[in-house]
Amino acid sequence: MTRTLKLRIWRGDDKTGGLQDVTVEANHGEVVLDIIHRVQATQMGDLAVRWNCKAGKCGSCSMEINGKPRLACMTQVASYPEDEVITITPLRAFPVIKDLVTDVSFNYKKAMEIPTVSMPEGVKPGEPRMQQIDVERSQEFRKCIECFLCQDTCHVIRDHEENKKSFAGPRFFIRIAELDMHPLDTLRNRKKTAQEEHGLGMCNITKCCTEVCPEHIRITDNAIIPMKERVVDEKYDPLRWLGSKIRKREGIL
Amino acid sequence: MADFTVPALTRIWRTLDKGSRLLLMATGVFSQGRAKITERTLRTDKWWLQPLITFSVLIAFIFYATLRAFENANYFAEPLISPFYSPCLSDACVPGSSLLGHLFPIFHVWGMTFSPALFILIFPLGFRMTCYYYRKAYYRSFWMSPPACAVAEPHAKYTGETRAPLIMQNMHRYFFYAGLVFNVLLTTDAILAFRNSEKQWGHMSVGTLVLLANATFLWFYSLSCHTCRHTVGGRLRNFSKHPIRYKAWTLVSKLNHYHQNFAWVSLIGVALADVYVREVATHAITNWYFF
Amino acid sequence: MANLEKYSYDVVVIGAGGAGLRAAVEARDAGLSVAIVCKSLFGKAHTVMAEGGAAASMGNVNDNDNWMVHFRDTMRGGKFLNHFRMAELHAKEAPDRIWELEMWGALFDRTKEGKISQRNFGGHEYPRLAHVGDRTGLELIRTMQQRIVALQQKDLRETGDAEKNLKVFAEVTITEILKENGKVAGAYGYRRESGEEILFEAPAVVIATGGVGKTFKITSNSWEGTGDGHALALKAGANLVDMEFLQFHPTGMVWPLSVKGILVTESVRGEGGILTNSLGERFMFKYIPDVFKDKYADNEEEADRWYVDQDNNRRPPELLPRDEVARAINSEVKAGRGTEHGGVFLDVSKRLSAEIIKKRLPSMWHQFYELAGVDITKEAMEVGPTCHYVMGGVEVEPDTAAAVGVDGLFAAGEVAGGMHGSNRLGGNSLTDLLVFGRRAGMGAVEYVKSHGANPVSDATISKAAARIEAPFARTGGENAYSLHQELQEITHNLVGIIRTGEELKEAIVKIADIRKRSANISVTGDRKFNPGFHLAFDLDNMLLVAESTAKSALLREESRGGHTRDDFPGMNSTWRQVNHISSFDGEQVSIKAQPLPVLPKELFDLFDIHELEKYMTPAEIAKGGSN
Ligand SMILES: Cc1cc2nc3c(=O)[nH]c(=O)nc-3n(C[C@H](O)[C@H](O)[C@H](O)COP(=O)(O)OP(=O)(O)OC[C@H]3O[C@@H](n4cnc5c(N)ncnc54)[C@H](O)[C@@H]3O)c2cc1C
Ligand code: SF4
Ligand code: SF4
Ligand code: FES
Ligand code: FES
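This structure is a prediction, so every number in the text was calculated from the model and none was measured.

*Asks:* I would appreciate a short explanation of the overall build of chain A in the present structure.
*Replies:* The helix and strand tally for chain A stands at 10 helices and 7 strands. Counted over contacts in chain A with a minimum sequence separation of 6, partners at least 24 positions apart contribute 64%. Carbon and sulfur atoms provide 53% of the accessible area of chain A, an area that totals close to 9000 Å². For chain A, the distance from the average site of its 39 positive side-chain charges to the average site of its 37 negative ones is 4 Å.

Below, the structure is given as C-alpha cells:
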C-alpha cells in the first residue's frame, strides 16, 4: 500500500531559493497535496503552501508538478511511475512569496479592469427571463475556480513580464466572453475593449490555457476564438462594417 | 579598465550559452521576483515530440506541394484532376482540365511556364495559414512560441497577432468563403469522375472514390471551422430567438470539436488525391473501374 | 509596535464567504467604509464548496410553494428548536436575495419559461433550491465577489481610488476582537504572508467566519473551518447557543483514505440516487421516523413513482432530513451491513443516463473519477457520514444580527446560531448567508450611525500583540500538528455522531488537557507564511469550540437533530424548550440553560395541531403560541 516517494520541493523566497530533496511515505490513493502536508507535519513545519478545499473546487493549491501547472489536490501520486522523482515548484509566472506560495495579485488587478454585468434599465429583480440555451455558454465560463493555472501557463506573460500591463490573460478573456454572451448584458463595447485594452490580439491561440484548466473549460475554442471572431465583426471586416453603417442609416438597427 | 564598447560586449554575449543569456536578459520565467529556478522547463515528459511531429509533417507537405505546384504536368488524367490544379484557369492548362474556362494567358517567368496551380493555390494556402488550428500548430512547432506549454520560448519580445503581418490573421473568414467555393469545385470534380475517360456517365473508379473522399474531408474541414461556427450562430446573443441557427450552431460546434483531426485528415487527403492522380497521369498505375 | 499596520474603517467584516460579502455590500451601499478580512485569497472562502443549491420559495417549479411552506419545512427540519423569528425572516426574504443575485450577474439554471429553476432537496416539500449544476456555492461567491468589484469600480470612477472605502484584506487572520469601554473598537490580527501584525479600528465588527468542521477528523470542511468566529465571539464576551448540534452529512466519500469526508452532494439523492447496504437492500425504508410517516413513501414502488408524479406520491426516504439519513447509515454500518471501507452504496447510475448524470452532477462525476477512480455513471459510490455544518453559533438578535451581550458586534452565516435549530435543511445555509449577511450589514450601519468611532488604546494593542508573539518565544514545546490530530481523535470518538454521557465526560477532561498543553506550543521557522504558526492560533479556537460542544452535549439528555445520545435515545418535548448558552470567563466555557423563545400565535397557527403535538408539551399546545 505505502510507497516511499522521492520529492524535490522548491523552497525559498523572492531573493534566494532552490530545490530541496525530501523522502516521504505515500499511501494508496493519496494526492500530491497529502504528501506536502505530510512533509509539513513531519519534516518542514514551516513549508508554505496554499490550499482550502482539497476537492478541486477552490483553486487555491495551484503549483507546478514536474514542470506542469496543476492543482496539487487533484494530482494523484499514483499517476507518476514508482521510481520517478517528483519535482514541485511554485507557479513560475508570478512573483514568489515563499516556498510554494506566489503573489497572484496580478489577477485581482485585471479583474478590476473589466466592467461587471450591466443589466438593462427598468428590469426589476425577479423579472429577468432567460432561456437555458442562452445562458449555457456563459455558464461554462462561470465554472472557473480562479486557480490561475491558465494565467500561469500562458506564454504571453509567463515568458514576457513586460506584457503583463497590456494583457488580461485567458481567465479574463473567458470573463469578457461570459459577459459578451450574457443574454441581458447591455454594455456594447466589450469586443472593442477586449482587443484594445485587454490584449486579446496578443493571444496566439496556442491553447496552453485550455490544456491546463482543471475545470476543463474550453477556453480557447469557446471563449477566445469566438471573441476574436466578434472582434473581427466589429473592427476588421469591411463588409460587416459597411453593412452596419447602412443598417444604421436606414434605421434598421 | 573594463572594456564597455559595443563590440566587446557583443563578444562576451556571444560566448554565453543560451541559458545564461536568458538569465541575463532576466525576462520571462527568469524575471526579478519569480522563483529562482535555472531550468527553462522542469517538464519530464517528451514535450518536444508533438511539435517535432507537427513540424516534420508540415515540412514534408510543403515540400511535396511546392514540387507539385511547379511541376506543371501530370495533374490531369481524364476524368481525374488533381486538387492542386483545380480549377485550372490558365491557357497553359492541358486540354479538358479546365472546368471554368481560361482566365489567364500563358506567361513565362525566367523562361519557365507559370504553373496554373500557382494562380489558385494561394486560396487553400491562405485558408490553412490563417486557420485557427494551423496557427496553433505552426506557432508552436515552427516559431516555438511556445514550443510546448510551460516551456520557455526563445524570443525576447512578443506582440502576438496585434501587428502586421500577423494582424492579417483576422482575414480568415474571407479565406473561409473562398474555401467554400473550392469545396464546391472539388465536389464537382468528384462528380465528374463518375465518367469514364470517354466522358461517358455512369462509371465509377478508384479515382472517383479518391476525389470523393478528398472533397468530403474538405467539407468536414470547412464546416468544422471556427469562423463557420461563428457565422452560423456563434455571433448571436440569444439562441432562443433563432432556433434554426441554434441547431446549425450546435451541429457545427460538434464538428468543431474535431477540427484539428479534420485539418490533418483533409491535408493528407489532398496530398494522397494528388499522388493518385499523378500516378494515373504518368501511367504508373491504371485507374481501376468498378463499372 | 512602531511599524504596526493600522487602518480605520466604519465596519470590519471578518470573513469573505457568502455572509461576509453580503454584509459588506450592504454596509458599503449605505455609504460606510468597509474592510473585508479573510484567511485565504479572495473568492476561496468555504462557501465556494457548496454544491446543491440555495433554498428560496420562489415557486418557479411548483407554484404551491410560498414562505409559509418553507418556514414549516425549516422548523420541522430543525425539530422546532429553531429561533422562530430567524426562520421566519429567512423564509420571507430568501427569494429576494436570490433574485438580487441574478441582477448582479449570477446565471442560475433555468426553467422552460426562462425563470430560475429549482430542485428537490431533503426536507423541502417542493422543488425549492435555485442552483447551477452542482456548483451553486461557486456561483454565489463569484457573484458576490464581482459585486464587490463593481462597487469598487464605482468608487474608482467617483473618487479615483477603488479601495478607498471598500477593501479586501486577503490572507489576514484575526486573532482578537478589540474592545474599549465595554464596546467593540476593532480587530487585531496578522498577515499570513509576512506574519506581520495588523490593526483595524472600527466601531462595528461583523463576524462571518463560517464553521468548525476541522475540529473533527472526518469533515467536509476546508482548513478554514476552525471555529475562529465562535471563539472570537466567546472571548469578546458574546454567547454561543446550542453548540451540541452538529450536522453530520450522511454522504461523504469514504475511500480512498485521503479523500475521506469530502462531500457527496445531496443532489445525488435529489436526482434519484438510492442508498443500499452490502446485502443490496434499500434500507432507508426501515428508518422512517413516526413524525415523518405521512410524508415519506414506505415502499419502493411509490418512492419510484414520486420522481414522475410528486403530487400523488410520497417522497422516497432517501430524501429524509440529513440527521435521519446519517443515523441510518451509521446503524447499517454498525450492524455489519456496510461496504468494505465502512460506508454504504449510493447509486444514480441505475436511474439516470450517463449523459444526464454528467450534465446535472458534473463536479460529482469529476470528483469520483479523478479522486477515487470511480465512474458514477456506471458504478455505485461508497459513502458515509461526515462532519458538515454547525447549527450552534453566536447568539444574535434575529432582526439585526447583533451579538447578544456585546455592543458593536454582529454575526451572520454559519457562525451565527439559532436559525437552523437542531438540524439544518440542505440549501437553507446559502440563503441564510444572504438574508442574515444583509441584515448584519444593516444592523452595523444603524449601530455606526448612532455610536461613532471608539478608538483603541495602546494597552489593548500591546496585549493583543503579546499573544501573537508568544509561540515564537518558546522552544521545544508542543507541536501544533500533533495536538490538532489528538483533538480530532477525541471529538471523532467521543463527541461524534452518536454520544454517551460517559464518553462526553471523558472528552471534556481530555480537551481540557490538550488546552493546557497547547499553552506550551512552540513554532519552528520565522513568521513568513508559516503554517505551523497559523495552526497554533486556529487550534486554540477549535479547542474552545470542542469544549463548548462537549459540555452542551453532556447537558442535553435527549436525542434531537444533530445531537444523538445513545443513553437518551428519544426526543423529549421538555428539552425542546431549552437553549444551551455557552459563555467564556477566560479560563473555561460554562453552559447555562435558557428558555427558547415561544412561537407567536400567527406562526403557531401555520401548523397542523397534530403535528405540533409530536414536538410540544400538552401545556404548550393548550397555550397555542404566545400573545
Ligand atoms: C462541501 C459543502 C457543501 C455544501 N453545500 C451546501 C448547499 O448545497 N447548500 C447550502 O445551503 N449550504 C451548503 N453548505 C454549507 C454552506 O456552504 C456553509 O455553511 C456556508 O458557505 C458558510 O458560509 P459563511 O459565509 O458563513 O462562511 P464561509 O464561507 O465559511 O467563510 C468564512 C470566511 O471567514 C474567514 N475567516 C475565518 N476565520 C477567520 C479569521 N480568524 N480571520 C479572518 N478571516 C477569517 C475565512 O477566510 C472565510 O473567508 C455546504 C458546505 C460544504 C462544506
Ligand atoms: S491560447 Fe492564448 S490565452 Fe491561452 S495560453 Fe495560449 S496565448 Fe495564452
Ligand atoms: S479558466 Fe480554468 S485554469 Fe483558468 S483560472 Fe479558471 S479554472 Fe483555472
Ligand atoms: S485545495 Fe481547493 S482546489 Fe486544491
Ligand atoms: S479553417 Fe481552421 S479555423 Fe477556420
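Still more to cover.
*Asks:* Looking at this structure, how should I read the interface of chain B and chain A?
*Replies:* Reports often express the size of an interface as the amount of accessible area lost when the parts come together. Taken together, the contacts link 58 residues of chain B with 66 residues of chain A. Summed over both partners, the interface of chain B with chain A comes to about 5200 Å²; 49% of that surface belongs to carbon and sulfur atoms. Considering only the surface of chain B that becomes buried against chain A, B:R34, B:Y158 and B:R237 emerge as the three largest contributors, covering 16% of it. The residue A:E161 makes a salt bridge to B:R34 at a minimum N-O spacing of 2.6 Å. Considering only residue class, the side of chain B that touches chain A consists of 22 nonpolar, 20 polar and 16 charged.

*Asks:* How should the sheet that holds strand β1 (residues 3-12) of chain A be read in this particular structure?
*Replies:* Within a sheet, neighbouring strands are paired by backbone hydrogen bonds and run either parallel or antiparallel to one another. Residues and elements named next belong to chain A. The strand order across the open sheet formed by 5 strands is β2-β1-β5-β3-β4, and the pairing between neighbours is mixed. Each end of this open sheet is capped by a strand with a single partner; those strands are β2 (17-26) and β4 (68-71). When the angles between neighbouring strand axes are averaged without regard to direction, this sheet yields 35 degrees. In this structure, β1 lies alongside β2, joined through 10 bridges in antiparallel fashion. Paired with I9 across the strands is Q20, a residue of β2. Here helix α1 (residues 32-42) sits on the sheet in contact with β1, β2, β3 (62-65) and β5 (86-89), set at roughly 100 degrees to β2.

*Asks:* Would you mind showing me how to read the site of ligand 3 here?
*Replies:* Every residue close to ligand 3 is listed here: A:C144, A:I145, A:E146, A:C147, A:F148, A:C150, A:I174, A:C213, A:P214 and A:I219. Of the residues that constitute the shell around ligand 3, the class distribution is 9 nonpolar, no polar and 1 charged.

*Asks:* It is not clear to me how the nonpolar core should be interpreted in this structure. Could you clarify?
*Replies:* Soluble globular proteins tend to pack their nonpolar side chains together in the buried interior. With 230 residues, the main nonpolar core has A:L7, C:F200 and C:L409 as its most contacted residues. The element contributing the most residues to this core is helix α11 (residues 428-451) of chain C, with 10 residues. Within the second largest apolar cluster, 34 residues are counted, among which are B:C131, B:A137, B:Y138 and B:F262.

*Asks:* Honestly, helix α3 (residues 132-141) of chain A in this entry has me stumped. Any pointers?
*Replies:* Residue pairs spaced three or four apart in an α-helix point in one direction, given the helix's 3.6 residues per turn. Where burial is concerned, most of α3(A) is hidden: 7 out of the 10 residues are buried. Those residues of α3(A) that sit buried are A:D134, A:V135, A:R137, A:S138, A:Q139, A:E140 and A:F141. On its buried face, α3(A) is in contact with α6 (170-180) and α9 (219-236) of chain A together with α9 (226-234) and α10 (243-256) of chain B.

*Asks:* Sorry if this is basic, but what is going on with unusual backbone geometry here?
*Replies:* Trans is the prevailing form of peptide bonds, just as negative phi is the prevailing case for residues other than glycine. In this model, B:S86 is joined to B:P87 through a cis peptide bond whose omega is -5 degrees. Tracing the chain through its elements places B:P87 in the loop between β2 (80-81) and β3 (108-109). Looking along the chain, the bond that leaves B:A164 and enters B:P165 is cis, with omega of 0 degrees. Along the chain, B:P165 turns up in the loop between α6 (132-141) and α7 (172-192). The backbone of C:N181 sits at a positive phi, close to 50 degrees, despite the residue not being glycine.

*Asks:* Please explain the packing of aromatic side chains as it appears in this structure.
*Replies:* The geometry of an aromatic ring pair is captured by the separation of the ring centres together with the interplanar angle, meaning the angle of the planes. Using the criterion set out here, one finds 45 aromatic pairs over all chains in the structure. Taking the centre distance of 5.3 Å and the plane angle of 80 degrees together, the rings of A:F167 and A:F173 count as edge-to-face. Comparing A:F167 with A:F173 shows no difference in burial state: the two are buried. Between B:F239 and B:W249, the ring centres sit 4.6 Å apart and the planes meet at 35 degrees, which makes this aromatic pair tilted. Of the two residues, B:F239 is situated in the loop between α9 and α10 and B:W249 in helix α10; the sequence distance between them amounts to 10 residues. The same class applies to B:F239 as to B:W249, namely buried. A network of ring pairs unites the aromatic residues B:F127, B:Y133, B:Y134, B:Y174, B:F176, B:Y177, B:Y221 and B:W264 as a single cluster. When the ring centre of C:W365 is taken as origin, the NZ or CZ atom of C:K358, which lies over that ring, is 4.5 Å away.

*Asks:* Quick question: what am I supposed to make of the pattern of salt bridges here?
*Replies:* Once their charged atoms are close, side chains differing in charge can pair, the charge on each being opposite to the other. Under the criterion given, the structure shown has 99 salt bridges over all chains. A:R240 is paired through a salt bridge with A:D233; the nearest N and O atoms lie 3.4 Å apart. Among the salt bridges present, the one from C:E102 reaches C:R110, with a minimum N-O distance of 2.7 Å. One exposure class covers both C:E102 and C:R110, and it is buried.

Calculation notes
- Residues numbered from 1 in each chain as written.
- Chains lettered and ligands numbered in written order.
- Predicted model: local features only at pLDDT ≥ 70, side-chain atom pairs only at ≥ 80, totals over all residues.
- Heavy atoms only, no water.
- Helix = DSSP H or I, 4+ residues; strand = E, 2+ residues; numbered from the N terminus.
- Contact = heavy atoms within 4.5 Å.
- Areas by Shrake-Rupley, 256 points an atom, 1.4 Å probe, with all protein chains shown as cover.
- Lys, Arg positive; Asp, Glu negative; His and termini not counted.
- Charge placed at Lys NZ, Arg CZ, Asp CG, Glu CD.
- Buried area = accessible area lost by both parts, 1.4 Å probe.
- Salt bridge = Lys/Arg side-chain N within 4 Å of Asp/Glu carboxyl O.
- Nonpolar A, V, L, I, M, F, W, Y, C, P; charged D, E, K, R; others polar.
- Pairing = 2+ DSSP bridges.
- Axes fitted to C-alpha atoms, helices over the stretch in contact; angles between N-to-C directions.
- Near = heavy atom within 4 Å.
- Core = buried A, V, L, I, M, F, W, Y, C linked by side-chain atoms within 4.5 Å.
- Buried < 20%, exposed > 50% of the residue type's maximum accessible area, 1.4 Å probe, protein only.
- Phe/Tyr/Trp six-rings, centres within 6.5 Å; stacked < 30°, edge-to-face > 60°.
- Lys NZ or Arg CZ within 6 Å of the ring centre and 35° of its normal.

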